[in-house]
Structure formats: structure tokens, C-alpha cells
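Here is how the chains run, residue by residue.
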Amino acid sequence: MVSSYTQLVVKRYGERLDGDAKEFMAYVVDGAARMKQLIEDLLAYSRVGTKGKEFKPVAVEAPLKRAITNLRAAIEESGAEITYDPMPTVNADDVQLAQLFQNLMGNALKFKGPEKAKIRVEAKENPAEWEFHVRDNGIGIEPQYFERIFMVFQRLHNKGEYPGTGIGLAICKKVVERHGGRIWVESQSGEGSAFHFTLPKQKGNG
Ligand code: ADP
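Keep in mind that what you see is a predicted model, and the values were worked out from it rather than measured.

Thoughts on the overall build of the protein
Secondary structure assignment for the protein yields 6 helices and 7 strands. When the 206 residues of the protein are sorted by exposure, 40% land in the buried category. The contacts of the protein with a sequence gap of at least 6 include a subset with a gap of at least 24, amounting to 69%. Separation of charge centres in the protein, based on 29 positive and 27 negative side chains, amounts to 6 Å.

Quick notes on the site of the ligand
Inspection of the region around the ligand gives 21 residues, with Asn107, Asp136, Arg155, Gly166 and Leu169 positioned closest. The contact in question runs from a nitrogen atom of the ligand to an N or O atom on the side chain of Asp136, over 2.8 Å. In the model, an oxygen atom of the ligand is placed 3.4 Å from a nitrogen or oxygen of the Gly168 main chain. Coverage of the ligand by the protein amounts to 98% of the 540 Å² it exposes when considered alone. Taken together, the elements giving at least two residues each to the shell around the ligand come down to α5 (94-110), α6 (168-178) and β7 (193-200). Counting residues per element, the shell around the ligand draws most heavily on α5, which supplies 3 residues.

Some points on the sheet that holds strand β5 (residues 129-136)
Strand order in the open sheet formed by 5 strands is β2-β4-β5-β7-β6, and the pairing between neighbours is mixed. Whereas interior strands pair on both sides, the edge strands pair on one side only; in this sheet they are β2 (81-84) and β6 (183-187). Neighbouring strand axes in the sheet, compared pairwise and without regard to direction, differ in orientation by 15° on average. For strand β4 (residues 118-125) and β5, the ladder comprises 7 bridges, and the chain directions are antiparallel. For Val121, the partnering residue across the bridge sits in β5 and is Val134. Relative to β2, helix α3 (residues 61-70) is tilted by about 175°, and along the sheet it contacts β2 and β4.

Brief notes about the nonpolar core
Looking at soluble globular proteins, one finds that nonpolar side chains tend to be buried together. Within the largest apolar cluster, 42 residues are counted, with the highest numbers of intra-cluster contacts made by Leu100, Phe101, Met105, Phe132 and Phe197. The set of elements that each furnish at least two residues to this core consists of α3, β3 (89-92), α5, β4, β5, α6, β6 and β7. With residues near it in sequence (within four places) discarded, Phe101 still touches Val60, Pro63, Leu64, Ala67, Gly106, Val121, Val134 and Phe197.

Side note on the pairing of β3
Only one face of β3 is covered, namely the one carrying Val90 and Ala92; the face carrying Thr89 and Asn91 has none of its residues buried. The pairing of strand β1 (residues 56-59) with β3 spans 4 bridges and is antiparallel. Among the inter-strand pairings, Lys56 is bridged to a residue of β3, identified as Ala92.

Brief notes about α5
Three- or four-residue spacings in an α-helix give side chains the same orientation, since the helix completes a turn every 3.6 residues. Between its first and last C-alpha atoms α5 spans 24 Å; for 17 residues at 1.5 Å apiece the expected length is 24 Å, and the two agree. Where α5 begins, the capping side chain belongs to Asp93, and its oxygen is found 3.1 Å from the backbone nitrogen of Val95.

So, the environment of Met151
Considering the arrangement of structural elements, one finds Met151 in the loop between β5 and α6. Sequence separation between Met151 and Ile171 is 20 residues; the distance between their C-alpha atoms is 9.1 Å.

Examining the packing of aromatic side chains
Applying the stated criterion to the full structure yields 5 aromatic pairs. Aromatic side chains Phe111 and Tyr162 sit 4.8 Å apart centroid to centroid with 50° between the ring planes, which places their arrangement in the tilted category. Here the residue Phe111 occupies a position in the loop between α5 and β4, and Tyr162 occupies one in the loop between β5 and α6, the gap between them amounting to 51 residues. When the ring of Phe150 is compared with that of Phe195, the centres are 6.1 Å apart and the planes differ by 75°; the resulting orientation is edge-to-face. Within this pair, whereas Phe150 is found in the loop between β5 and α6, its partner Phe195 is found in strand β7, the two being separated by 45 residues in sequence. Both residues of the pair, Phe150 and Phe195, count as buried. Members of the aromatic cluster, connected to one another through ring pairs, are Phe101, Phe132 and Phe197. Above the plane of the ring of Tyr45 lies Lys174, whose end atom (NZ or CZ) is 4.2 Å from the centre.

Calculation notes
Residues numbered from 1 in each chain as written. Predicted model: local features only at pLDDT ≥ 70, side-chain atom pairs only at ≥ 80, totals over all residues. Heavy atoms only, no water. Helix = DSSP H or I, 4+ residues; strand = E, 2+ residues; numbered from the N terminus. Buried < 20%, exposed > 50% of the residue type's maximum accessible area, 1.4 Å probe, protein only. Contact = heavy atoms within 4.5 Å. Lys, Arg positive; Asp, Glu negative; His and termini not counted. Charge placed at Lys NZ, Arg CZ, Asp CG, Glu CD. Near = heavy atom within 4 Å. Polar contact = N/O pair within 3.5 Å; in protein donor to acceptor, adjacent residues only side chain to side chain. Areas by Shrake-Rupley, 256 points an atom, 1.4 Å probe, with all protein chains shown as cover. Pairing = 2+ DSSP bridges. Axes fitted to C-alpha atoms, helices over the stretch in contact; angles between N-to-C directions. Core = buried A, V, L, I, M, F, W, Y, C linked by side-chain atoms within 4.5 Å. Expected span 1.5 Å × (residues − 1). Phe/Tyr/Trp six-rings, centres within 6.5 Å; stacked < 30°, edge-to-face > 60°. Lys NZ or Arg CZ within 6 Å of the ring centre and 35° of its normal.

Right, here's the structure in full:
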């Protein structure tokens, strides 16, 4: 309501506003849009624990492909290249796995470096768990921020540089932990990032 009616005011009465009022209205419209995004992201965060589905065998390639489809516009716009290994079948919530891949790959596209974005998704088998890697050739992250970025609202850039609410990785952490796994990052500033997460082979129902 707030967002659509402020937009309507600008559209219908914009011409009649003076310079200052126009400028202030632009802040109101922008603020309302961000508030909406923030509420949606917080709801998504909260629902990881409350609205998750029961775990069942999931061929991981399916949620991975769904995430790529959802990101199609950003991938095509930037000409990004995405490649992936053969993926295993794990006991999981497929909707949450798609969200996990989408958040990680969406960040790789957003925080791209000067070159064309390249994303590589790998799966490695360990005795008790699968280990997944999402690697990019983007701007990278300095080591002192490796833990902080997984907390809600923690961002390393202002919204003018890169849009976002700082909730995406907190959702990833919550999803992975609900599945009994771990998530962490390795990176060097300017050298790209590698996000790693594990999913145990045996885990009861979420
Ligand atoms: P948002 O993308 O909304 O800012 P996230 O929780 O997804 O929030 O990410 C938190 C911060 O971690 C980002 O603002 C960014 O500074 C950093 N980050 C996340 N993914 C990457 C990446 N692939 N490359 C570089 N920095 C990243």
C-alpha cells in the first residue's frame, strides 16, 4: 500500500510538486521499496525454520537448475558462464536447496569483478557427507569478514554500490544448518570467492 500509493502520488501529482518536494518524494518512494524488500527477506528468513518441508531424496541437479532458471535474466544480462559437476542425490528439502543455490549464485553475479562472471558448482563426496563448492571470479571478500557476512544485515558495501538487504547469506546458513550441515567461505579480495557447504548423507526429517 505505502509503496504503490507513493508511486501513484508521484505519477499523478509529480508535475505540481516543487523541486524540494520532488526530491523528498523520490526518497519516500525509494524507502518504501526497500522496506518492502526488507520485509520480504525477513519473512523468507523466518520461514526457513517454520515452513520447511519434510526431507526426501532430492537429485541436487533439479534445485540447482531451478535456481539457474530463476536467475536467467541476470545471467543473460551479464553474459555469465555457469558450469557444474554431476550432482548427487541427498535427503533434503528441495525448495530450500534451490533457495540456497539461488542466493549463492545471485551474489556471485551481483559481486562480479571486471571480467565476465564465471560460476562453478562442484560436489565432492566425503565418507559421511557431501561437500559442495560454489566458486566465482568476483570482487572477493577480505578474511576479517568471513564470519560476519553470514549474520543478518551484515553487508560490506552500501546500497548505492550494490543493492541488497544483507539477509541472503543468513538464509543460506539457516538452510544448511537445518539440514545438519556447515557453510563457510574462502576468498581473497580481488581474486574471487568460494562458498562451501556440506550436507550429511544421513539426516532425519527436518
Ligand atoms: P546482500 O547480498 O543482500 O548484501 P548477503 O547476506 O547475501 O546480503 O551477503 C552479505 C555480504 O557478503 C554482501 O553484502 C557482500 O559484501 C558479501 N558477499 C556475499 N557474497 C559475495 C560474493 N560472491 N563475492 C563477494 N562478496 C560477497
